[in-house]
Amino acid sequence: MSDEIQSKSPASLDALLDANREQFDSLFRHQMAAAPPPIVSPALQRRGAPATEPAAVDPGQVSSAGDYVGEGSHSAHGPERGAGNIIAELNRRFTIAWSAEMLEKQVRDGRAVVKCRLTVDKTAHVESGSSRVDDEGDGSLAADRAIRRAYESALKNCALQFDSAPASKVATPQPVALSPTELARRTVLESRPLDTAVIEQVDTALANTRREMQAVLRYGALSDSLQDSHTDMAMIADANGKMVSGRTGSFVSHMLENLDVKLGSGDILLQSDPFLAAGAISHLNDWLLLAPVVYESQIVGYVSMVGHMSDVGGTVAGSMPSDAQTIFAEGIRIPPTKICEDGRLNDNIVELVLNNSRTPDVNRADLMALIAGCRAGQARLMTLCDRFGPILYQRACSALLQRSRKAVSELIVQQVPVEPQSFEDQIDDDGCGNGPFKLKLTVWREGEHAYFDWTGTAGQAPGPINLPLHVGLAKMFAGRHLTQGFDSRLVRNDGFYDLIHITLPTGSILNPRFPAAVGWREQVMCRHFDVLAAALGRHQPERLSAASYGTVAQFRFAGVSPDGNHFDLSESVAGGAAGDAGVDGRDGWSWNPDAASTPAELIESNFPIVIECCASIPNTGGAGRNRGGNGVEKTYRVLQAGTVSMHDERHESQPWGSNGGMAGARSEKWLLRTDGSRLALSAKVNGLRVAAGDRIFFRTAGGGGYGDPLDRDPARVMDDLGNGLIGTQGIKAYGVVMQEGKMAVNDQATRERREALRRSRKPLGLFDRGSSEPG
Amino acid sequence: MPSRLGIDVGGTHTDFLLVDDATGASYAYKERSTPQDPSIGVEKGLGELLRSCELAPADISQVVHGTTQPVSRLLEASAPPIGLLVTQNFEQVLHLARARDGRRSPTQGSPQQRSLVPLNLTRGIIERMSARGDALVPLDEEAARRSVAELLAAGVRSITVSLLHSYVNPVHELRLRALIRELDSQISVSLSSELSPMCGEYERTQATVLNASLQVGMANYLNRVQALLSAAQIHSTIHVGQSIGARISVGEAAEKPVNTITSSLAAGAVGAAWAASVSGFSDLLTLDMGGTSTNIALVRNGMPRMANQTDISVIGLTDPIDIPSVDVRTVGAGGGSIAHAPIADSLRVGPQSAGAVPGPACYGSGSRIATVTDANVVLGRLPATHVKIDAPAAHEAIGALGRELGLEPHRTAEGIVNIANERMAGALREMAIEKGLSTANFALVAFGGAGPMHAGAVADLSGCTSIVIPRDAGVMSAAGVLAGDISQQFAHAVARTLDNLSPAELAQLADHLNRAAVEWLGRESPGQAGQEAVQFRADLRYQGHNFQVSAATSLASLTSDGPSQLAAEFTSAHQRRYGVRLDKPIELLTLRAIASSPVEPIRMKQHELGGANPGAGMIGQTQVYFDGAFINTTQYERSRLGAGNQIDGPALIVQPDATIVVHPGHSARVDAYHNIVMATAVHGQGGAH
């Protein structure tokens, strides 16, 4: 075991590299071989470990260009080396002669400051740059290195001035000069027509790239949630920042607009502030990495990864206090920050950020895995540019965007009504004693443009349930809903964004003002989908499934064992799925597609608790031609004192049924103390003190039913009865009459009963909200 | 001289491989499968095989059978009803399963997974064990008798008992078995604590019930196979392949059919590892491309990568069970995958397959469905040398799709093949990368009907630089069942943190597993039993974390100071991987004893290396479409090529059950074992294509 790799290791990627020569190495070396400057931690260089020089261009190309400009006779490692590279790069990009000259240099107070002049076509700009002198090794070499960095920085600053220069002064960027063979190959590639076959192949390759990014993340990550992540954490955007493959929506251009620095090929941004992320992330636990993909000096796209961190500080472990009143209670807020700059990991930022977490080691590994995932994505996209040529590749990306736009425009005309249709539903409470909160959506279309107006939605909550949705993500969700059942691959990208218009009232629960608390935004996210489906469903009822239990129901039990160890059990409880036109809703279904229920045996092996019951509750799924799934009852008996927190919904309102189906049952929770006293609990419970022997009953909501219950095949009703999934009360809604003393249907009596019920009842509406019809 | 016979029943074909131990020569044969009774196809094919070779049936010393297809049929057949006894208040353990469906839409319905035992044949038993094996609630025997009587009255012929924490303390399960036997001495009883003593009530119950529902059918099927082998004058021992790629006796297979569910898939990987090893490759990605889908696996140091679970989607059940298996992944792209244009000029391949019926258009069944196979026909990559090909039908089907998309037919066909290749390559890369491995260090071993045709392009895309097309590429699973050792895993959940586990407890458990393993070896492989034939592994993790280390350990280590040795082992493995040591308790999830008895390896016949000139195998010139244009391509007959022959692409090498496409820039050589080894172009290295 190497002594170098202790938990307090100063650098991280290098620790990983060192830690696992055999496997990790081969992977990441391979991933990075084709990529721009590898990420090198200064700490790694300090230790003398082999590292690739983060050269901006291939040295071979520099010498062939033959024009090392700058102050003459320094060795390749002298202070001006970097300038040569930059000049060579500029010459390659703009195919005109650039020259540079260092005007002043000084080292004072540990900083090197350099002023230089950059000249092209008789125009010159003078700028300064500076860099800190690192305190490693020989002082004069360190000063040289600092001067070199300062010179590079000064030259970049000069070059930036030219960006805004008149067009006549700066030539149009040209592709890099290519070798004759490569030029020939490229010409053949790019003479190929951009047909469906190419577009489709690029689309498949983009999807593969994202899978690969996620595979790298799973391999390198240390936290449970990231190791198991098969959900789409990876995003690929084109050079304009439009998402060409992913699920997070386009946030790149918005993020870059608000950034006063430019992203270069070795830069990677880290950010976690939902108020600056354009919907890509919606609470502080999610860290977002964004990296440009630079191919032959041109940005051809961006890659991004998002990962949920175990802990980012704040008032409670896990950083999601359910009583937070502002985002400041929820942990460290990272604005867009270069976590890697010019191929170097910014160790200071890494340490600053990790110092704010209760789980720095886990976050460190997760962060490095996210970075590695981005690097893998960069490398693969560059390979795609090699394969298809950068021009054809980018044209294929544009075509994918256009194709998605075309398909969505057709679906809008089919599915969105011309006359505005509204729907409203509610969130019980914010866990801080406030609520309910209304969500209201009105949809309509004008031509091929669809409008989603959330005006009428409740103002932001004092508690942490606010969802900073952002217009971009709302468009993605709307597009995804429209294409559901047609071709989900069409909304991997956001080419259709201009067809969808979203109104999210500022200061509402869907677009809260800073510094709203947002940790538990998931409940509003769930309900927002229900409302979206319902508002559109008025126009196309046959496509409208009922509402599911529509929440992420959480149970948490924490405390300290007699031996002094902290324990903290957290699990999610399933609920009823919705009935739809095709099938019954599943009894005990997880809204989160990746969240499996935890075995009782595993929980009991690890925590002082006994799960006395885990079963779906008969009659809680709404009756219907296809019934709703039953909610689940879990009974917990705690074996030690501790605190219990729960987060659930549909405690006040019921999941609605559709097309004649009935609403699902509400959720319910109570505490039964050892003295026999019973305490009813609300939807959300924070830090409830429990004593050994206390029982907590957690019952989630059922799903709504679909279609007229009187149309349900009586044999299916009997099956459910025989299997204990509905009770004798439950069969009344179906008008089924059984034979005397037998578990069999009396056909004649059933027909008569159903006819009578049809005659006497009120006409069925499109929605049934049970007894929770809003006033 | 003795010979050995491998048989594998697949969905469309039943494969045979007969190997002559004296010479290493092999005889392969493929027969159409007969799904309604798989033994019919076995019988017919066996007859044909024996007629076509000079080996005497009486000389066959071993028969090994892979049975994935028969097993999946067994579940569809009406098995006698099974009753299930579980802990009270957990009656819905199978009904609820694990709640997850992997579906991506929050606003659509989600159907229930079907249960192997209906709720009305499930009874809750009043009893409760704690996680430490203490009886929190004693077994209510009176109530239990009533429940059993109800099930018997309902006509069940088999009862499965799966109580909470029975893997820690099985006493209630054992008592229930006695009670059931008192009421009906004939009935078959399965205990979850015996079949799969693992932590996780759903997986353990599902595995036990699944096993019970397969037992009778498996025994009957294997009896038929034994009878037909006897009738063919084959009187050898018969073994059955398992999902872990190793074989067991017929008796053991009939007892524990749940261990054989993915035997054919596992055998493909084992066979590929065996075949490629003689050509000098031990790190492999395997590509088994068949009609409906493609199976991929990863082999390191000659050993297929294992999973602790078995994916039983092959028999239509979504949640995996805790039975170990070779980690084989399925990609929904096969020769029969349908190319279609669902919306907005998009060209999609799969996931639907034309299957055996109606099949691809080129099979001449009157189908007009454009498939990947049809695209290969249009590109000239599937000549009608050995198989009947209706090329006009393929052109018609592909042409029609192309017109819909405004694409010229060859461009359409190339697009279809490219997309299928891209999908397979992506899955291969993912499989390596998620384990921190680079595909560049792996050889691609391609087999199955369509594997050799796609291997070159898939290798380029995935970054593999070597390709092996084994001699017996058409019948790789039949080869794989023969190549597997006699082996079995004995796993037992511990699910305790090491600081909570005394050395004595661990030693006792290790002893228990060791006795079971040694006894099994004595039964399955008399004469081979010995301490050295049992290896131990421990699955460890930080409590609450996912990352598991399966640490190799030994009986000696486990019975001296087991917990602290395991802790040291885990800590160092974790540190190697992540560079950190966490301040968390380490949990021992499962202890595993692996009993194995190697079988005499099959030797492949080694040929004298001849000249490089492949002229003798040349059978003509044809036009094949590569990268946008038809190119003059030489066609070779594989059986006429000699060891040492070298072929530069473009070329087609045909054999009765497959066609090998040698791409321009690639080169192929026939090695001394008649494997074909291809090298991709230098610029194809490192996943650049």
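Re the overall build of chain B
- Per the secondary structure count, chain B includes 16 helices and 33 strands.
- Relative to the 2.2 N^0.38 estimate, which gives 26 Å for 689 residues, the radius of gyration of chain B is 27 Å and therefore close to what a compact globule would have.
- C-alpha atoms of chain B, sized along the principal axes, occupy 80 × 60 × 50 Å.
- When the 689 residues of chain B are sorted by exposure, 63% land in the buried category.
- Taking contacts inside chain B between residues at least 6 apart in sequence as the whole, the part at least 24 apart equals 67%.
- For chain B, the exposed surface amounts to about 23900 Å²; the carbon and sulfur share of it is 50%.
- Counting 52 positive and 64 negative side-chain charges, chain B places the averaged centre of each group 2 Å from the other.

A closer look at the sheet that holds strand β27 (residues 618-626) of chain B
Residue and element names in this part refer to chain B.
- Strand order in the open sheet formed by four strands is β27-β28-β30-β31, and the pairing between neighbours is mixed. Of all the strands in the sheet, the pair left with one neighbour each is β27 and β31 (658-662). The mean angle between the axes of side-by-side strands here comes to 30°, regardless of whether they run parallel or antiparallel.

Some words on the packing of aromatic side chains
Residue and element names in this part refer to chain A.
- Within the structure shown, the criterion is met by 17 aromatic pairs over all chains.
- An angle of 85° between the planes, with centres 5.5 Å apart, marks the rings of Phe275 and Phe514 as edge-to-face. One end of the pair, Phe275, is in the loop between β6 (268-271) and β7 (286-295); the other, Phe514, is in the loop between β14 (500-503) and α15 (522-537), with 239 residues separating them in the sequence.
- The exposure class assigned to Phe275 is partly exposed, which follows from its relative accessible area of 22%.
- Judged by relative accessible area, Phe514 falls into the partly exposed class, the value being 41%.
- Consider the rings of Phe423 and Phe767, whose centres lie 4.6 Å apart with planes at 45°: the pair is tilted. In this pair, Phe423 is assigned in strand β11 (residues 421-427) and Phe767 in strand β25 (residues 767-768), connecting sequence segments 344 residues apart.
- Within the aromatic cluster, the residues linked to one another by ring pairs are Phe275, Phe328 and Phe514.
- One Lys or Arg, Lys669, reaches over the ring of Phe698 and ends 5.0 Å from the middle of that ring.
- Arg678 extends its terminal NZ or CZ atom over the ring of Trp670, reaching a point 4.3 Å from the ring centre.

A few points about the pairing of strand β12 (residues 437-446) of chain A
All names here are of chain A.
- In terms of burial, β12 is a largely internal element, seven of the 10 residues being buried.
- Where β11 lies against β12, seven bridges are found, and the strand directions are antiparallel. Counterpart to Ile427 in the pairing with β12 is Phe437.
- Across five bridges, β12 lies against strand β13 (residues 449-453) in antiparallel orientation. Pairing of Trp444 across the sheet is with Tyr451, part of β13.

Comments concerning the confidence of the model for chain A
Residues and elements named next belong to chain A.
- Averaged over all residues, the pLDDT of chain A is 83; the fraction at 70 or higher stands at 82%.
- Counted against residues more than four places away or in other chains, residues 1-82, with its pLDDT under 50, gives 165 contacts.
- A low-confidence stretch, residues 163-174 (pLDDT under 50), is modelled with 17 contacts involving residues beyond four sequence positions or located in other chains.

Observations concerning the packing of helix α8 (residues 196-220) of chain A against helix α12 (residues 360-388) of chain A
All names here are of chain A.
- Relative to each other, α8 and α12 sit at 155°, their axes nearing to 8 Å. Between α8 and α12, the angle is such that the two are roughly antiparallel. Every pair of crossing elements has a handedness; the one defined by α8 and α12 is right-handed.
- Among the residues making up the contact of α8 with α12, the classes are represented as 16 nonpolar, five polar and four charged.

A closer look at the pattern of salt bridges
- Applying the stated criterion across every chain, the model contains 68 salt bridges over all chains.
- Here A:Arg211 ties to B:Glu430 by a salt bridge, and the two come within 2.6 Å at their closest N and O atoms. One end of the pair, A:Arg211, is in helix α8; the other, B:Glu430, is in helix α12 (residues 409-433), on a second chain.
- We classify B:Glu430 as buried; its relative accessible area is 13%.
- Salt-bridge contacts for B:Asp15 lead to B:Lys30; the nearest nitrogen and oxygen are separated by 3.0 Å. Of this pair, B:Asp15 sits in strand β2 (residues 13-20) while B:Lys30 sits in strand β3 (residues 26-32), placing them 15 residues apart in sequence.
- For B:Asp15, a relative accessible area of 9% puts it in the buried group.
- Where salt bridges share partners, they join A:Arg211, A:Arg218, B:Arg305, B:Asp327, B:Arg329, B:Glu430 and B:Glu434 into one cluster.

A look at the side chain of B:Glu127
- Checked against the element boundaries, B:Glu127 lands in the loop between β6 (122-125) and β7 (128-129).
- At a separation of 2.6 Å, a polar atom in the side chain of B:Glu127 contacts the side chain of B:Thr87.

Remarks on helix α16 (residues 555-578) of chain B
- Taking 1.5 Å of rise per residue, 24 residues should cover 34 Å, yet α16(B) covers just 28 Å from first to last C-alpha, more than 12% shy of that figure.
- At the exit of α16(B) stands B:Gly579, carrying a positive phi of roughly 75°.

Here we look at the interface of chain B and chain A
- The interface is formed by 89 residues belonging to chain B together with 96 residues belonging to chain A.
- Summed over both sides, the interface between chain B and chain A buries roughly 8100 Å², with carbon and sulfur atoms accounting for 49% of that surface.
- Across the chain B-chain A interface, the total number found is nine salt bridges.
- Taken together, the connections running from chain B to chain A amount to 33 residue pairs in polar contact (both at pLDDT 80 or more).
- Of all the elements in the fold, those that place two or more residues in the side of chain B that touches chain A are α3 (93-96), α7 (201-231), α12 and α16 of chain B.
- Taken together, the residues that form the side of chain B that touches chain A break down as 33 nonpolar, 32 polar and 24 charged.

Focus on the nonpolar core
Residues and elements named next belong to chain B.
- Ranked by internal contacts, the top residues of the largest apolar core, which has 106 residues, are Leu5 and Leu210.
- Among all residues touching Leu5, those that are not within four sequence positions of it are Phe16, Leu17, Leu18, Leu46, Leu49, Ile60, Gln62, Val63, Val64, Ile234 and Leu482.
- Within the second largest apolar cluster, 96 residues are counted, among which are Leu407, Leu444, Ala450 and Leu482.

Examining unusual backbone geometry
- In this model, A:Gly435 is joined to A:Pro436 through a cis peptide bond whose omega is 0°.
- Unlike most non-glycine residues, A:Ser319 shows phi in positive territory, near 65°.
- Relative to the elements of secondary structure, A:Ser319 occurs in the loop between β8 (298-308) and β9 (337-341).
- Phi at B:Asp627 is positive, roughly 50°, even though this residue is not glycine.

Some thoughts on the sheet that holds strand β9 (residues 158-162) of chain B
All names here are of chain B.
- The four strands are arranged β6-β5-β9-β10 in an open sheet whose pairing can be described as parallel. Because the sheet does not close on itself, it has two edges, and the strands there are β6 and β10 (188-191). Across this sheet, the average inter-strand angle for adjacent strands is 20°, counted without regard to direction.
- Inspection of the sheet shows strand β5 (residues 82-87) paired to β6 by four bridges, in the parallel sense. For Thr87, the partnering residue across the bridge sits in β6 and is Ile125.
- Sitting on the sheet, helix α4 (residues 141-153) is in contact with β5, β6 and β9, with an inclination near 175° to β6.
- The sheet contacts of α7 involve β5, β9 and β10, and relative to β9 the element is tilted by about 165°.

About the cut-offs
Residues numbered from 1 in each chain as written. Chains lettered and ligands numbered in written order. Predicted model: local features only at pLDDT ≥ 70, side-chain atom pairs only at ≥ 80, totals over all residues. Heavy atoms only, no water. Helix = DSSP H or I, 4+ residues; strand = E, 2+ residues; numbered from the N terminus. Rg over C-alpha atoms; globule rule 2.2 N^0.38 Å. Buried < 20%, exposed > 50% of the residue type's maximum accessible area, 1.4 Å probe, protein only. Contact = heavy atoms within 4.5 Å. Areas by Shrake-Rupley, 256 points an atom, 1.4 Å probe, with all protein chains shown as cover. Lys, Arg positive; Asp, Glu negative; His and termini not counted. Charge placed at Lys NZ, Arg CZ, Asp CG, Glu CD. Pairing = 2+ DSSP bridges. Axes fitted to C-alpha atoms, helices over the stretch in contact; angles between N-to-C directions. Phe/Tyr/Trp six-rings, centres within 6.5 Å; stacked < 30°, edge-to-face > 60°. Lys NZ or Arg CZ within 6 Å of the ring centre and 35° of its normal. pLDDT = per-residue confidence, 0-100. Parallel < 35°, antiparallel > 145°, perpendicular 65-115°, else oblique. Left-handed = near helix turned anticlockwise from the far one by under 90°. Nonpolar A, V, L, I, M, F, W, Y, C, P; charged D, E, K, R; others polar. Salt bridge = Lys/Arg side-chain N within 4 Å of Asp/Glu carboxyl O. Polar contact = N/O pair within 3.5 Å; in protein donor to acceptor, adjacent residues only side chain to side chain. Expected span 1.5 Å × (residues − 1). Buried area = accessible area lost by both parts, 1.4 Å probe. Core = buried A, V, L, I, M, F, W, Y, C linked by side-chain atoms within 4.5 Å.

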